[in-house]
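Summary of structural features
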There are 2 protein chains.
Amino acid sequence: MDQTTPAHIEHAHMLFPEGMQLECGFLLAPVRVAYRTYGTLSAARDNAIVVCHALTGDQYLAETHPLTGKPGWWSRMVGPGLPIDTDRFFVICMNVLGGCMGSTGPRDPRPDMPGEPWGTDFPPITIRDMVRAQKLVVDALGISRLFAVVGGSMGGMQVLEWAATFPGMVFAAMPIATSPFHSAQNIAFNEVSRQAIFADPEWHGGRYWEQGAIPARGLAVARMMAHITYLSEEALTRKFGRRVRRDPYNQAGAMSLFGEIFEVESYLRHQGSSFVRRFDANSYLTITRAMDYFDLGADHDGDPSRPFHGTRTRFCIVSFTSDWLFPTSQARLLARALNRAAANVSFVEIDSDKGHDAFLLDEPDFDRTVRGFLSGAAEHARIG
Amino acid sequence: MDQTTPAHIEHAHMLFPEGMQLECGFLLAPVRVAYRTYGTLSAARDNAIVVCHALTGDQYLAETHPLTGKPGWWSRMVGPGLPIDTDRFFVICMNVLGGCMGSTGPRDPRPDMPGEPWGTDFPPITIRDMVRAQKLVVDALGISRLFAVVGGSMGGMQVLEWAATFPGMVFAAMPIATSPFHSAQNIAFNEVSRQAIFADPEWHGGRYWEQGAIPARGLAVARMMAHITYLSEEALTRKFGRRVRRDPYNQAGAMSLFGEIFEVESYLRHQGSSFVRRFDANSYLTITRAMDYFDLGADHDGDPSRPFHGTRTRFCIVSFTSDWLFPTSQARLLARALNRAAANVSFVEIDSDKGHDAFLLDEPDFDRTVRGFLSGAAEHARIG
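These numbers come from a predicted model, not from an experiment. In this numbering scheme, every chain counts its residues from 1 along its sequence in written order. For naming, the first written chain is A and the first written ligand is 1, with later ones following in the order written. Predicted model: local features are reported for residues with pLDDT of at least 70 only, side-chain atom pairs are reported and counted for 80 or more only, and whole-chain, interface and lining totals are derived from all residues. As a convention, hydrogens and water are excluded, and side-chain values are obtained from all of the structure's heavy atoms.

1. Some details on the nonpolar core
Where a protein is soluble and globular, its nonpolar side chains tend to be buried together. This is how it is decided: Within this scheme, the nonpolar core is defined by two criteria: the residues are buried Ala, Val, Leu, Ile, Met, Phe, Trp, Tyr or Cys, and they are joined through side-chain atoms within 4.5 Å. Between buried and exposed lies partly exposed: a residue is buried under 20% and exposed over 50% of the maximum accessible area for its type, with that area taken using a 1.4 Å probe on protein chains only. Contacts are assigned to residue pairs that have any heavy atoms within 4.5 Å of one another.
Counting residues in hydrophobic clusters, the biggest one holds 190 residues, and the most contacted among them are W162(A) and W162(B). Other than its neighbours up to four places away in sequence, W162(A) contacts V50(A), C52(A), V131(A), Q134(A), K135(A), V138(A), L146(A), V149(A), P167(A), M169(A) and V170(A). With 34 residues, the next largest nonpolar core counts V78(B), V150(B), I176(B) and I383(B) among its residues.

What follows is the structure, encoded as structure tokens:
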């Protein structure tokens, strides 16, 4: 396996040579945004849906992933006849700014030092920066108003930022399994991820590319931990319980009783090692930081309702009962904020034992919710 | 700081040259058990309470810790006039087998290779092995029956194992914030901890002592992650929220927006770095494994009630509402198992927002529960 492969794939993208000024004040130029579209833009250009991906997702939403060879991350949701129906809607999905699947990110060369990648000198990115980069593509496609913006987890943060920053452009918004701000506990988990990466000797202060290395073990540990937070106790118990299997590596020497490991351990190790083949450590650092900064109330004396005053966007907030990373209590704070702003809001809590990842998995109630909300909104928008 | 300091402290202990046969079949000899006692053993030898410590606890229960200089981990609970009243009871606390505070563990020399520490070749230990090592000390003290065994988290597992393995010896048992088996989610968290240690280059396959090194960064990451699981979302929000402070290190270069970090990050880093000064990585591996193996039903077709059939021990199970590592649902499984065994059981769920660590913190309702249960049991036992 060539561990540096991800850098060498060509991704469909738009290039914006003039770039954009980031929230931190830095002028990032050029800016490249990699994207994929599904379905057909109507003549009236009124049927576009932006789907925003989560921390480790990307633009390969509903097609075979060019790196992993697996189906796109929302193939079960987006396609002809599916809840996000590409026979009806034009779906755009873009790799986030700071990512590693073709959009400008830490692996790109610095404009001021040709041939030298940004690495950890890449400027800090916010969720709003991600959304403003996405708007460059939407504008370039000649779309002045999005029918909807949909996304889960960090994708949900982008949905909220779209509606807050460009209120006239978003007819309907569906923030899923998300929160009006990143909680202390979630910042804490992200920080442990980052420390795991920093602790890897192959991290080389973020300049691992110079050594032809990647901090694979640290990144794998980060992913393993994060993966636990995406599931639920019930899901782990149902899938693995306390079942054991032989340990193929016996990493800890004799410390393993009878040379066995628990199946859940084997599963996590696989999650960790497959992740490092497709994700860049500096992007992981940049994007987790962006999540940590996210706080809708930050510029408004802590009031997350303020960005939405006067909004005409119709919202459907979705949470899942067993999601403890973005629990229903946080979705409820969001619903209250939107209610205070007198927005048009519905709030659906889906009964699921699959944890935070439920929005990516087979949950018929959730599918019906997505389909129903978009159909209803399309009727009001008189499209399709 | 001399990072190898912990090895060189003298701890009060008993030595058992004939050792003991471990559950894995290995004859471990000699066996050394480090212990502390508080209060006075009565002439009838009927007032002894064994307090069992958790994963990273030790025998310094109610006195200044010789390494950290801090008060013992249960100083607020154990002492004259306190809920575990040393004016009345004789309290014994022992470092667990496999630990690093004086009991036989991976840092000890191998009997077959003089001068060579066990490291990862230390045999796997179970919770029952820990309890059987403790019984050697109790026997040596001439105590044929314990008035009570009390402990939280992994200490609670030991309480259950004491009552299951030596039913005639335990008059009262108080398993706190614990479970009848280690859950898949908790095994998963432990596994990430272990992988973080394995990923540290200073781990040297467990033979770090040969390099005069310790896997400090990996162990710190393990501790940081575990520490999150000991708290609760509410506690983290209350203590830190989204407050920021200047980043003294700026570890990730420019990636930190305005050079600030969140206070919760700074707190976790401190937790990680102070932990590595007092704990041994191989002990961490050994003890987390022991927790993972714990399953009261394992030898009984998965029925955790079986070990308690006919028991005369009186149990008081305690859980905390915000504990998501050992949630009330698991305590309830334990209560049901003990009920099926027709044991004398009470079950108290304490309302607390402090998470798993609540049993170590200021929770007046919990203090009253401990005091009340022990007083009531002492009356029945006609002691004190």
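Still to come is the rest of the account.
2. Comments concerning the packing of aromatic side chains
Each aromatic ring pair is characterised by the separation of its centres together with the angle its planes make. Note the following rule: Each pair of aromatic rings taken from Phe, Tyr and Trp, with Trp reduced to its six-membered ring, is defined by centres within 6.5 Å and is described as stacked if the planes are under 30 degrees apart, edge-to-face if over 60, and tilted in the remaining cases. Per the convention used, a helix needs a DSSP run of H or I reaching at least four residues, while a strand needs a run of E reaching at least two, with both numbered from the N terminus. Both a distance and an angle decide whether a charge sits over a ring: NZ of Lys or CZ of Arg must be within 6 Å of the ring centre and within 35 degrees of the ring normal.
Throughout the structure, instances matching the rule amount to 35 aromatic pairs over all chains. A ring pair is formed by F89(A) and F147(A), whose centres lie 5.1 Å apart and whose planes are at 10°; its orientation type is stacked. Of this pair, F89(A) sits in the loop between β7 (84-85) and β8 (90-94) while F147(A) sits in strand β11 (residues 146-152), and the two are 58 residues apart along the sequence. Accessibility classification places F89(A) together with F147(A) in one group, the buried group. Summarising the aromatic geometry, the rings of F275(A) and F279(A) are spaced 5.1 Å apart at their centres and angled 15° between planes, so their arrangement reads as stacked. On the basis of relative accessibility, which here comes to 1%, the residue F275(A) falls in the buried class. Assessed through its relative accessible area of 7%, F279(A) is described here as buried. Taken together, the ring pairs connect F189(A), W324(A), F189(B) and W324(B) into an aromatic cluster. The ring of F275(A) carries the charged tip of R223(A) above its face, separated from the ring centre by 4.5 Å.

3. Comments concerning the domain arrangement of chain A
Residue and element names in this part refer to chain A. Operational definition: For the domains described, the bounds stem from an automatic or database domain assignment. Accessible area that two parts lose when put together, with a 1.4 Å probe and added across both, is what the buried area reports. Between Lys or Arg on one side and Asp or Glu on the other, a salt bridge is scored when a side-chain nitrogen of the former is within 4 Å of a carboxyl oxygen of the latter. Residues are sorted three ways: Asp, Glu, Lys and Arg are charged, Ala, Val, Leu, Ile, Met, Phe, Trp, Tyr, Cys and Pro are nonpolar, and all the rest, Gly among them, are polar.
Domain boundaries assigned for chain A yield domain 1 (10-183 + 297-381) and domain 2 (188-283). Placing a centre on the C-alpha atoms of domain 1 and another on those of domain 2 gives a separation of 27 Å. If you look at the interface, domain 1 gives 23 residues, while domain 2 gives 25 residues. Of all residues in domain 1, the largest losses of buried area upon contact with domain 2 belong to T56, W324 and D353, amounting jointly to 26% of the total for that side. Remark: the boundary between domain 1 and domain 2 carries 2 salt bridges. A salt bridge links D353 to R238, with the shortest nitrogen-to-oxygen separation between them at 2.8 Å. Of the residues that constitute the side of domain 1 that touches domain 2, the class distribution is 8 nonpolar, 10 polar and 5 charged.

4. A look at the pattern of salt bridges
For the structure shown, the criterion picks out 54 salt bridges over all chains. E265(A) is paired through a salt bridge with R194(B); the nearest N and O atoms lie 2.6 Å apart. With E265(A) in helix α6 (residues 263-275) and R194(B) in helix α3 (residues 184-198), this pair bridges two chains. According to the relative accessible area criterion, E265(A) is buried, its value standing at 0%. Overall, the relative accessible area of 3% leaves R194(B) in the buried class.

5. Regarding the UniProt feature "binding site: substrate" (unreviewed entry) in chain A
Residues and elements named next belong to chain A. Our working rule: UniProt positions are given in the numbering used here, feature names are shortened, and annotations may be inferred rather than shown by experiment. Counted as a polar contact is a pair of N or O atoms within 3.5 Å, where, for protein atoms, one must be capable of donating a hydrogen and the other of accepting one, and residues adjacent in sequence contribute only when both atoms are in side chains.
Residues given the UniProt feature "binding site: substrate" (unreviewed entry) here are R223 and D357. Over a stretch of 135 residues, the named residues converge on one spot in the fold, their C-alpha atoms separated by at most 13.9 Å. Setting aside its immediate chain neighbours within four residues, R223 contacts T56, Y230, Q271, G272, F275 and R278. Reaching out from R223, the side chain makes a polar contact with the side chain of T56 at a distance of 3.2 Å. Within the secondary structure, D357 sits in the loop between β16 (344-350) and α9 (364-381). Judged by relative accessible area, D357 falls into the buried class, the value being 13%. Once residues within four sequence positions are removed from consideration, D357 is found in contact with H227, Y230 and L231.

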